[in-house]
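The residues making up each chain are set out below.
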Amino acid sequence: MNNIIKFAAISTALSFAACSPAGDQIDRKVDELMAKMTIEEKIGQMNQLSGGYNTIEDVAAGRVGSIHNCVDAEEINAVQKAAVERSRLGIPVIVSRDVIHGFRTIFPIPLGQASTFDPAIVEQGARVAAVEASAAGIRWTFSPMLDIARDPRWGRVAEGSGEDPYLDALMGVAMVKGYQGDDLSDPTSMAACIKHFAGYGAAEGGRDYNSTMISERSLRNTYLPAFKACADAGAATLMTSFNEIDGIPSTGNTFLLKDLLRDEWGWKGMVVTDWNSSGEMIAHGFAKDLKHATELSVNAGVDMDMMSHGYVSYIAELVKEGKISEKEIDRAVRNILRLKFELGLFENPYVDPQASAKVDYAPEHLAAAKQCALESAILLKNNGVLPLEKARTILVTGPLADAPYEQLGTWTFDGQPEHTVTPLQALRKDYNVIWEPGLGYSRDKNTSNLAKVTAAASRADAAVVFVGEEAILSGEAHSLSDLNLQGAQSELIKAVRRSGKPVVVVVIAGRPLTIERDLENCDAMLYAFHPGTMGGEALADLIKGRVSPSGRLPMTFIRTVGQAPFYYNHNNSGRPCSGNETLLNDIPITAGQTSLGCTSYYLDSGYGPLFPFGYGLTYSTFSYSDIALEKNVLSKNDVLRVKCRLTNTGSRKATELAQLYVRDLVGSVVRPVRELKRFERVTLEPGQSAELSFELPVSELAFWNADMEYVVEPGDFMVWVAPDSDSGTPLDFKVE
Ligand code: NOJ
């Protein structure tokens with residue numbers, strides 16, 4: 001029952017092979033091989049190309065260290081044959097792919113996985129992805145994405161774990177463990193790639209690739225903890241990001257890539273650029289040409305170049321000119337070769353072309369994907385209509401009800417829609433379904449079929465409306481400035497409402513949308529994100545009530561896009577809101593300038609979000625009682641122990657997510673109003689209660705302070721055990 005996640009324990013669970021006897025042996029092998037290599041062969045290892053057969057001659061000539069986007073086992077074997085049998089030293093290539101939330105069996109998008117608050121199911125998802133992708137010959141995935149995302153306009157919020165550094169770290173570590181398994185040399189393991197280093201999610205205005213302005217303290221306190229946790233957990237590789245921070249593009253950022261990652265963290269893995277992010281330093285105006293960009297990225301500490309072609313074209317020249325030292329080249333090649341040895345590619349470069357058929361969509365993979373989708377959907381509103389237990393005939397409508405490709409979400413090159421179970425298919429097993437799509441796709445503005453939908457709803461006991469976003473509307477380069485439901489989807493919900501029948505809305509989307517106006521027109525709303533291959537079955541179980549929803553919001557849901565960015569763990573202004581602020585329509589005409597309270601809020605949308613981080617309902621109710629601290633004066637070496645009684649006060653079995661937050665009241669720099677430090681998913685029968693006990697070492701209250709030191713500052717703190725980031729009654733404690 002007690003499944004409290006111990007962050008420190010998890011982050012040290014994996015260790016580098018490099019620090020072990022096996023690691024020493026690998027280092028010796030790397031040394032021996034490097035002693036035989038020419039400078040050209042070394043440079044070749046630092047080059048990643050995208051494609052398969054068309055790169056074979058480059059591979060045979062020793063000009064390629066890695067191939068990206070090759071997925072066919074026969075093709076991969078042909079490429080490996082060229083590397084192993086035709087290149088002078090027979091060094092295998094490493095094949096990479098963006099396996100982001102599943103290879104064939106698609107799990108919910110990472111943001112949906114984060115909403116499970118269940119690292120175990122997330123780890124399982126990554127394991128399934130590794131088993132399926134490695135069977136096709138892919139041994140390197142560009143995942144997990146650890147970018148903290150506070151602005152839902154940014155399309156890539158879909159690919160990460162949301163806004164909270166603690167949740168981000170736990171989910172990232174779970175994925176690293178799942179991909180890499182216990183041993184990278186196991187043929188079912190894939191090297192993880194933690195990305196994008198760093199600060200990419202802070203893109204100004206949520207516009208992808210945009211500049212960021214992040215102070216070093218904010219980087220360290222907010223954007224880097226997940227990278228550090230995954231680096232400590234043995235993540236094998238890391239990708240630089242496209243953005244610049246305060247004028248320095250990440251791919252040329254020596255502070256990030258050398259001072260911090262190598263010298264301070266002691267990380268020994270391999271660094272790759274993002275796609276042409278070295279070359280893009282020219283567009284940034286940081287490098288004058290590709291040669292200059294190459295010089296900057298190698299010297300900043302980047303080992304492998306993805307697709308700028310700058311490394312193969314210019315490194316040799318730059319070495320001759322003395323602009324890059326051979327030491328930098330050796331560092332990079334050592335990191336690359338070490339990875340290849342760790343993956344066992346020298347012993348085992350080929351893949352069995354029959355292997356995929358044995359593992360793709362295996363029943364246990366589909367079961368895990370369904371479990372993840374079940375835990376991921378968040379119940380945002382329910383006036384009692386859900387679950388639909390008594391209804392016999394239901395109307396199913398909406399552009400996402402039967403959209404097998406769309407419900408897979410972004411970055412699903414290899415998931416095959418014909419394996420998808422859509423909500424329509426699944427609901428047909430439980431109900432007499434009237435199917436009336438209403439709209440053709442999410443952006444459809446054609447309202448000519450809505451009258452038909454109203455009529456069809458009138459014939460049903462209840463209606464379930466599946467709205468949201470097509471897969472293409474979120475993910476890389478898919479930022480939006482308007483987050484209302486696209487097309488005529490809000491009109492569709494209203495059309496169903498006109499029937500007078502109970503209306504359940506299910507949102508299938510890649511990001512938090514601004515759904516306030518739609519909430520008014522429905523009796524219940526489930527937010528499913530893009531739920532993946534088994535999304536339909538999972539949603540049918542929740543709608544029918546076989547399982548109670550247990551997902552919680554991994555990002556704050558805003559009322560209107562003008563509130564972005566919005567996140568729960570913000571600093572306080574000097575004029576925090578009291579909650580009684582005057583709003584636009586209450587302002588008297590000719591009101592005096594100072595009559596509005598002078599606090600930090602919007603006159604039109606108020607102070608609070610629509611739903612806070614951590615929020616989510618279920619089909620039962622829970623009460624928190626007897627919250628108590630073991631002691632309320634602690635030393636820096638103590639452990640804060642908080643107990644609490646949780647009772648299922650409703651009439652259905654359900655899962656609650658008990659969340660522990662703290663606040664450091666006074667710091668040498670302003671501290672966030674709340675920070676998530678622990679959580680526990682607890683499943684209880686009606687009437688059952690459980691005593692929860694949370695343990696938080698005081699050392700985990702440390703932060704980067706005014707002197708840029710990572711310390712616990714003595715003083716007064718508050719702690720909450722609560723169902724979300726905006727409720728609960730705090731208790732006080734002191735650190736001496
Ligand atoms: C660009 C994306 O930013 C990155 O996340 C991805 O891994 C690479 N392309 C490779 O496809």
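Predicted model, so just to flag it, every value in this text is computed and none were measured.

Q: How should I be thinking about the overall build of the chain in this particular structure?
A: In terms of regular secondary structure, the chain is built from 22 helices and 26 strands. Taken over the C-alpha trace, the chain has a radius of gyration of 26 Å; the compact-globule value for 736 residues is 27 Å, and the two agree within 12%. On the principal axes, the C-alpha backbone points of the chain span a range of 75 × 60 × 55 Å. Within the chain, the proportion of its 736 residues that are buried is 62%. Taking contacts inside the chain between residues at least 6 apart in sequence as the whole, the part at least 24 apart equals 77%.

Q: Help me understand the side chain of threonine 514, please; the structure alone is not making it clear to me.
A: Along the chain, the position of threonine 514 falls in the loop between β15 (503-508) and α21 (516-519). Reaching out from threonine 514, the side chain makes a polar contact with the side chain of asparagine 484 at a distance of 2.8 Å. Once residues lying within four places of it in the same chain are set aside, the contact partners of threonine 514 are Leu483, Asn484, Ile558, Arg559, Thr560 and Val561.

Q: Would you mind showing me how to read the site of the ligand here?
A: Inspection of the region around the ligand gives His68, Asp98, Phe142, Arg156, Lys195, His196, Met239, Phe242, Asp274, Trp275, Met306 and Glu476 as its neighbouring residues. A distance of 2.7 Å is found between an oxygen atom of the ligand and a side-chain nitrogen or oxygen belonging to arginine 156. Grouping the amino acids of the shell around the ligand by side-chain chemistry returns five nonpolar, two polar and five charged.

Q: What am I meant to see in the layout of surface pockets here?
A: Think of a ball as big as a water molecule: rolled over the atoms, this probe shows where empty space is left. By volume, the largest pocket is sized at about 1,000 Å³. Lining the largest pocket are 39 residues, with Arg220, Asn221, Thr222, Pro225 and Tyr710 positioned closest to its centre. Of all the secondary-structure elements, those providing two or more residues to the lining of the largest pocket are α1 (7-11), α8 (165-180), α9 (216-223), α10 (225-232), β21 (675-684) and β23 (703-704). The element best represented in the lining of the largest pocket is α9, accounting for five residues. Residue composition of the lining of the largest pocket, grouped by class: 19 nonpolar, nine polar and 11 charged. The volume enclosed by the second largest pocket comes to roughly 690 Å³. Considering only residue class, the lining of the second largest pocket consists of 13 nonpolar, 10 polar and three charged.

Q: Help me out: how do you make sense of the pattern of salt bridges in this one?
A: Side-chain pairs of opposite charge can arise where the charged atoms are in close proximity. Under the defined criterion, the tally for this structure stands at 45 salt bridges. When the shortest N-O distance is used, the salt bridge between aspartate 414 and arginine 97 registers 2.8 Å. Note that aspartate 414 is positioned in the loop between β12 (393-397) and α18 (423-427) and arginine 97 in strand β3 (residues 94-97), a separation of 317 residues in sequence. You can call arginine 97 buried: its relative accessible area is 8%. The residue arginine 511 makes a salt bridge to glutamate 469 at a minimum N-O spacing of 2.5 Å. Taken together, the residues arginine 511 in the loop between β15 and α21 and glutamate 469 in the loop between β14 (462-468) and α20 (489-497) connect sequence positions 42 residues apart. Each of the two residues, arginine 511 as well as glutamate 469, counts as buried. In this structure, a network of salt bridges that share partners links the residues Lys258, Arg262, Asp303, Glu328 and Arg331.

Q: How should I be thinking about the nonpolar core in this particular structure?
A: When a protein is soluble and globular, its nonpolar side chains tend to lie buried together. Grouped together as the largest cluster of nonpolar side chains are 149 residues, with contacts concentrated most on Phe197, Leu386, Leu388, Ile394, Phe466, Val506 and Ile543. With sequence-adjacent residues up to four places away left out, valine 506 is seen in contact with Val464, Val465, Phe466, Val467, Leu526, Ala528, Leu539 and Ile543. Leu450, Val453, Ala463 and Val465 belong to the second largest nonpolar core, which has 47 residues in total.

Q: Can you walk me through the packing of helix α19 (residues 450-458) against α20 in this structure?
A: Pairs of packed helices are described in terms of their axes, by the angle between the two and the distance that separates them. Contact geometry for α19 and α20: axes closest at 8 Å, N-to-C directions at 35°. At the point where α19 passes α20, the crossing takes the right-handed sense. Between α19 and α20, the residues in contact are Leu450, Val453, Thr454 and Ala457 and Glu491, Leu492, Ala495 and Val496, respectively. The residue inventory of the contact of α19 with α20, partitioned by class, reads six nonpolar, one polar and one charged.

Q: What should I look at first to understand helix α13 (residues 290-300) in this one?
A: A turn of α-helix holds 3.6 residues, and therefore any two residues three or four places apart point the same way. Residues of α13 that are buried include every one of Lys291, Ala293, Thr294, Glu295, Ser297, Val298 and Ala300, and no others. Where α13 is buried, its residues contact α11 (254-264), α12 (280-284), α14 (310-320) and α15 (326-342). Count one or two residues on from α13 and you reach glycine 301, which has phi positive near 120°.

Q: What am I meant to see in the sheet that holds strand β4 (residues 140-141) here?
A: One key point about sheets: their strands pair by backbone hydrogen bonds, in either a parallel or an antiparallel sense. Strand order across the open sheet formed by five strands is β4-β3-β2-β1-β10, with parallel pairing between neighbours. Of all the strands in the sheet, the pair left with one neighbour each is β4 and β10 (305-306). Bridge analysis of β3 against β4 gives two bridges, and the strand direction is parallel. In the strand pairing of β4, arginine 97 is matched with threonine 141.

Q: Is there a simple way to think about unusual backbone geometry in this case?
A: Leaving glycine out, the prevailing phi sign among residues is negative, and the prevailing peptide bond configuration is trans. Serine 143 connects to proline 144 through a cis peptide bond whose omega is 10°. Topologically, proline 144 is positioned in the loop between β4 and α8. Lysine 195 connects to histidine 196 through a cis peptide bond whose omega is -5°. Of note, tryptophan 411 is a non-glycine position whose phi angle comes to about 50°, a positive value. Assignment of secondary structure puts tryptophan 411 in the loop between β12 and α18.

Q: What is the right way to look at the sheet that holds strand β9 (residues 270-272) in this model?
A: Taken in spatial order, the three strands line up as β5-β6-β9 in an open sheet, and their pairing is parallel. Looking at the sheet topology across the chains shown, the edges are occupied by β5 (193-197) and β9. For this sheet, the mean inter-axis angle between neighbouring strands, taken without regard to orientation, is 25°.

Q: How do you make sense of the confidence of the model for the chain when you look at a structure like this?
A: The predicted coordinates of low-pLDDT regions are not to be read in fine detail. Put simply, the chain has an average pLDDT of 96, and 97% of its residues get 70 or more. Under a pLDDT of 50 for its full length, residues 1-18 has, in the predicted model, 53 contacts with residues more than four places off or in other chains.

Q: Is there a simple way to explain the packing of helix α2 (residues 21-36) against α15 in this structure?
A: Between α2 and α15, the shortest axis-to-axis distance is 9 Å and the interhelical angle comes to 125°. Looking at the two axes, α2 sits oblique to α15. Viewed along their axes, α2 and α15 form a crossing whose handedness is right-handed. On α15, the residues touching Ile26, Asp27, Lys29, Val30, Asp31, Leu33 and Met34 of α2 are Asp330, Val333, Arg334, Leu337, Arg338, Phe341 and Glu342. Grouping the constituent residues of the contact of α2 with α15 by class yields seven nonpolar, no polar and seven charged.

Q: Explain the environment of threonine 141 here, please?
A: Take threonine 141: it is sitting in strand β4. Once the C-alpha coordinates of threonine 141 and lysine 195 are considered, the two residues, 54 residues apart in sequence, prove to be 11 Å apart. Dropping the residues within four chain positions of it, threonine 141 is found in contact with Arg97, Asp98, Val99, Tyr179, Met190, Ala191, Ala192 and Cys193. There is a polar contact of 2.8 Å between the side chain of threonine 141 and the backbone oxygen of valine 99.

Calculation rules
- Residues numbered from 1 in each chain as written.
- Predicted model: local features only at pLDDT ≥ 70, side-chain atom pairs only at ≥ 80, totals over all residues.
- Heavy atoms only, no water.
- Helix = DSSP H or I, 4+ residues; strand = E, 2+ residues; numbered from the N terminus.
- Rg over C-alpha atoms; globule rule 2.2 N^0.38 Å.
- Buried < 20%, exposed > 50% of the residue type's maximum accessible area, 1.4 Å probe, protein only.
- Contact = heavy atoms within 4.5 Å.
- Polar contact = N/O pair within 3.5 Å; in protein donor to acceptor, adjacent residues only side chain to side chain.
- Near = heavy atom within 4 Å.
- Nonpolar A, V, L, I, M, F, W, Y, C, P; charged D, E, K, R; others polar.
- 1 Å grid on protein atoms, 1.4 Å probe; cavity = no way out; pocket = protein on both sides within 12 Å on 5 of 7 lines; lining within 4 Å.
- Points joined across faces, edges and corners; volume = space filled by probe spheres on them.
- Salt bridge = Lys/Arg side-chain N within 4 Å of Asp/Glu carboxyl O.
- Core = buried A, V, L, I, M, F, W, Y, C linked by side-chain atoms within 4.5 Å.
- Axes fitted to C-alpha atoms, helices over the stretch in contact; angles between N-to-C directions.
- Left-handed = near helix turned anticlockwise from the far one by under 90°.
- Pairing = 2+ DSSP bridges.
- pLDDT = per-residue confidence, 0-100.
- Parallel < 35°, antiparallel > 145°, perpendicular 65-115°, else oblique.

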